[in-house]
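# Coordinates in review
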Amino acid sequence: MDILIKNTILSKNGRTDNKSAIDILIKEGIITNIAPSIDDQADFEILDAQGAFVSPGWVEIFSDFADPGMEYREILKTGAAAAFSGGFTRVFLVPNTNPVVDNKSQVSYLVEKSKSLPVQILPIGAISKGASGNELAEMYDMNDSGAIAFSDGKYPVQSPGLFLKALQYVKTCDSVLIQQPFDKTIGTHGLINEGIVSTRLGLPGLPAIAEELMIQRDIELVRYTESKVHFTGISAAKSVALIKAAKAEGLNVTCSVTPQHLLFTDEDLVTYDVNLKINPPLRTPIDRDALRAGVLDGTIDIIATHHFPQHFDDKVKEFEYAKNGMIGLQTTYSALMEALPSLTADRIQDLLSDNAVRIFGLEVLEITIGQKANLTLFDPNKSSTFTKEGNKSKAQNSPYFDRKFKGAVIATIAHNQIHKN
């Protein structure tokens, strides 16, 4: 497929004073020309960006496509379609499938099955066998087979001894452990953030200290092992402070936050909206504001969607029994811009692309002549509305349907394929 992109602006090119519109010519998936104006008369598909920004394709680091074993919730094809529509060209998948991705065969299965998709699937290998937290999995073999990082996904490693061994082990392959931090022995039956709202609603609370203690523990283990950990889905003000201090010390600690934790608080749960029942739970306005500040000052490195599809029957029920999670790949950028409208295009590229590439050692895909076309076009000024008809995911558990946002993904290009919104 040959594509001519007209009137786009590089979100970041090292020359921040140069924001003039350019044209980009793509032939058979390769960028062949970049110029102020390209008037090629060949038979190209022409995409007029109308001043929208273009960046290297975005990276999502912690999502669930439910394959293998739970295809009633999502499949690779529908998950990839949602990601591509949302501007993502590379997606890390959590290992919490059936069976768990804890060996090289499971990693190879995902790599091979996803080769025809427009989005590159990068499996996260489980730290422990069966993600049970008891015994280390075949981490070295999984790394050789294509595992991008290691994590027990939705069930973080509770044993400090096992996590320490894993931190030491990944040093041999220069990989990263991803931890969604919470101590499951604290607030075991909690449904929402422990605080005034949980008391008022009569729901058991899940205190922020369950997250903070895990972060403190793992920072100490990183200090001891001189290894690398990435905390994803942080939700509390103290978590931001702990990670900021660890970074100032020079420890190899990074973190990500979800758009939903930047946009909503536990006060939004007064209607018992099951689509906002997530883990970690939405916390107070003070926590939300600390997370926003962490994004703005650079403490938070990545925006991670945490796309966790659920079947209708597991979500549309009493709040107590509804499962955690929401979909969000198609709304990540719009929700982020609603939460933090002051974010520049340069910073968007850092949060959704460059930092993930740096932290996880991904292939660098620059917007230069001769490079593979792996692009996301986005416009902070264009309005967008997420509808059920436009939803690409197999699941429907989203709080965003029919909500109008300012900020839209215009198009995504990768693997010689294009999706236009």
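Residue indices follow the written sequence of each chain, beginning from 1 at its first position. Only residues with pLDDT of 70 or above have their local features reported here, since the model is predicted, and side-chain atom pairs are shown and tallied only from 80 upward, although totals for entire chains, interfaces and linings are computed over all residues. The basis for every side-chain value is the complete set of heavy atoms in the structure, and neither hydrogens nor water enter the calculation.

## Here's the deal with the overall build of the protein chain
For helices the rule is a DSSP run of H or I covering at least 4 residues; for strands it is a run of E covering at least 2, with both sets numbered from the N terminus onward. Secondary structure summary: the protein chain contains 12 helices and 18 strands in total. At 21 Å, the protein chain has a C-alpha radius of gyration in line with the 22 Å of a compact globule built from 421 residues. Principal-axis analysis of the C-alpha atoms places the extent of the protein chain at approximately 65 × 50 × 45 Å. Think of it in three bands: residues with accessible area under 20% of the maximum for their type are buried, residues over 50% are exposed, and the middle band is partly exposed, with areas taken using a 1.4 Å probe on protein chains only. Within the protein chain, buried positions represent 61% of all 421 residues. Here, residues are in contact when the closest pair of their heavy atoms is within 4.5 Å. Counting only contacts in the protein chain whose residues sit at least 6 apart along the sequence, the fraction spanning at least 24 positions is 75%. Methods summary: accessible areas were calculated by the Shrake-Rupley approach with a probe of 1.4 Å, and residue burial reflects only the protein chains presented. Carbon and sulfur atoms form 50% of the exposed surface of the protein chain, whose accessible area is close to 16500 Å². The charge count treats Lys and Arg as positive and Asp and Glu as negative. His and the chain ends do not count. Working definition for charges: the position is that of NZ of Lys, CZ of Arg, CG of Asp or CD of Glu. A gap of 1 Å separates the mean positions of the 41 positive and 51 negative side-chain charges of the protein chain. Just to be clear, the radius of gyration here is over C-alpha atoms, and the globule rule we use is 2.2 Å times residues to the power 0.38.

## With respect to the side chain of Asn96
Position of Asn96 among the secondary structure elements: in the loop between β7 (88-93) and α2 (104-113). Residue Asn96 is classed as buried on the basis of its relative accessible area of 8%. One polar contact links the side chain of Asn96 to the main-chain amide nitrogen of Lys154, over a distance of 2.9 Å. Those residues in contact with Asn96, other than ones at most four positions away along the chain, are Met70, Ala131, Asp152, Gly153, Lys154 and Tyr155. Definition of a polar contact: a pair of N or O atoms within 3.5 Å, with one able to donate and the other able to accept a hydrogen when the atoms are protein atoms, and with sequence-neighbouring residues admitted only if both atoms are side-chain atoms.

## What to know about the pattern of salt bridges
Salt bridges are counted wherever a side-chain nitrogen of Lys or Arg sits within 4 Å of a carboxyl oxygen of Asp or Glu. This model, assessed by the stated rule, comprises 21 salt bridges. A salt bridge links Lys12 to Asp350, with the nearest nitrogen and oxygen atoms 2.2 Å apart. Of the two residues, Lys12 sits in the loop between β1 (3-10) and β2 (22-27) while Asp350 sits in helix α12 (residues 345-360), which places them 338 residues apart along the sequence. For Lys115, the salt bridge is made with Glu112, and the minimal N-O distance between the two is 3.0 Å. We classify Lys115 as exposed; its relative accessible area is 57%. Note on Glu112: relative accessible area 49%, which makes it partly exposed. One network of salt bridges, in which partners are shared, links Lys6, Asp23 and Asp39.

## Here's the deal with the packing of helix α6 (residues 209-225) against helix α7 (residues 237-249)
A fitted line through C-alpha atoms serves as each axis, taken over the contacting stretch for helices, and the angle formed by two N-to-C directions is quoted from 0 to 180°. Running from amino to carboxyl end, α6 crosses α7 at an angle of 10 degrees, the nearest separation of the two axes being 9 Å. Relative to α7, the element α6 is oriented roughly parallel. Within the contact between the two elements, α6 uses Glu211, Glu212, Ile215, Gln216, Ile219 and Arg223 and α7 uses Lys238, Ser239, Leu242, Ile243, Ala246 and Glu249. Charged residues are taken to be Asp, Glu, Lys and Arg, nonpolar residues to be Ala, Val, Leu, Ile, Met, Phe, Trp, Tyr, Cys and Pro, and polar residues to be all remaining types, Gly included. Residues belonging to the contact of α6 with α7 are distributed by class as follows: five nonpolar, two polar and five charged. What sets the label is the angle itself: under 35 degrees gives roughly parallel, over 145 gives roughly antiparallel, 65 to 115 gives roughly perpendicular, and the rest give oblique.

## A few points about the environment of Gly69
On the secondary structure map, Gly69 appears in the loop between β6 (58-63) and α1 (76-85). Once the C-alpha coordinates of Gly69 and Thr97 are considered, the two residues, 28 residues apart in sequence, prove to be 6.1 Å apart.

## Some remarks on the layout of surface pockets
A volume near 880 Å³ is recorded for the largest pocket. A cavity, in this analysis, means grid points on a 1 Å lattice covering only the protein atoms where a 1.4 Å probe fits yet has no way out; a pocket is instead an open set bounded by protein on both sides within 12 Å along at least five of seven lines, and a residue lines either one if it has an atom within 4 Å of a point. What lines the largest pocket is a set of 38 residues, among which Lys154, Tyr155, Phe182, Asn279 and Asn324 lie closest to the centre. Grid points are joined across faces, edges and corners, and a volume is the space filled by probe spheres set on the points.

## Observations concerning the pairing of β7
Extensive coverage of β7 is indicated by the burial of six of its six residues. One bridge is not enough; two strands pair if DSSP finds at least two bridges between them. Inspection of the sheet shows β6 paired to β7 by four bridges, in the parallel sense. Across the sheet, Glu60 pairs through a bridge with Val91, a residue of β7. For the segment spanning β6, α1 and β7, crossover handedness is right-handed. Inspection of the sheet shows β7 paired to strand β8 (residues 120-125) by four bridges, in the parallel sense. Following the sheet pairing, Leu93 is matched in β8 by Pro123. Handedness rule for crossovers: strands pointing away from the viewer, path from the first strand over the helix to the second running clockwise, crossover right-handed.

## Quick notes on empty space enclosed by the protein
In the structure shown here, the tally under the stated rule is three cavities of 30 Å³ or more. Empty space within the largest cavity amounts to approximately 60 Å³. If you go around the largest cavity, the residues you meet are Thr258, Gln260, His261, Ile278, Asn279, Pro280, His306, Phe308, Gly325 and Met326. Residues of the lining of the largest cavity, tallied by class, amount to four nonpolar, six polar and no charged.

## Details of the packing of helix α4 (residues 160-170) against α6
Put simply, α4 and α6 touch, their axes get as near as 10 Å, and they point 40 degrees apart. Relative to α6, α4 is oriented oblique. Here the hand of the crossing between α4 and α6 comes out right-handed. Across the interface between the two elements, Pro160, Phe163, Leu164, Leu167 and Gln168 from α4 touch Arg217, Asp218, Leu221, Val222, Tyr224 and Thr225 from α6. Classifying every residue of the contact of α4 with α6 gives seven nonpolar, two polar and two charged. The sense of a crossing depends on the near helix, which, turned anticlockwise from the far helix by less than a right angle, makes the crossing left-handed and, turned clockwise, makes it right-handed.

## Things to note about the pairing of β1
Counted residue by residue, β1 has seven buried out of eight residues, so it is predominantly covered. The pairing of β1 with β2 spans four bridges and is classified as antiparallel. In the sheet register, Ile3 faces β2, and the bridge partner there is Ile26. Sheet analysis places β1 next to strand β5 (residues 53-56), joined by two bridges and oriented parallel. Pairing of Ile9 across the sheet is with Phe53, part of β5.

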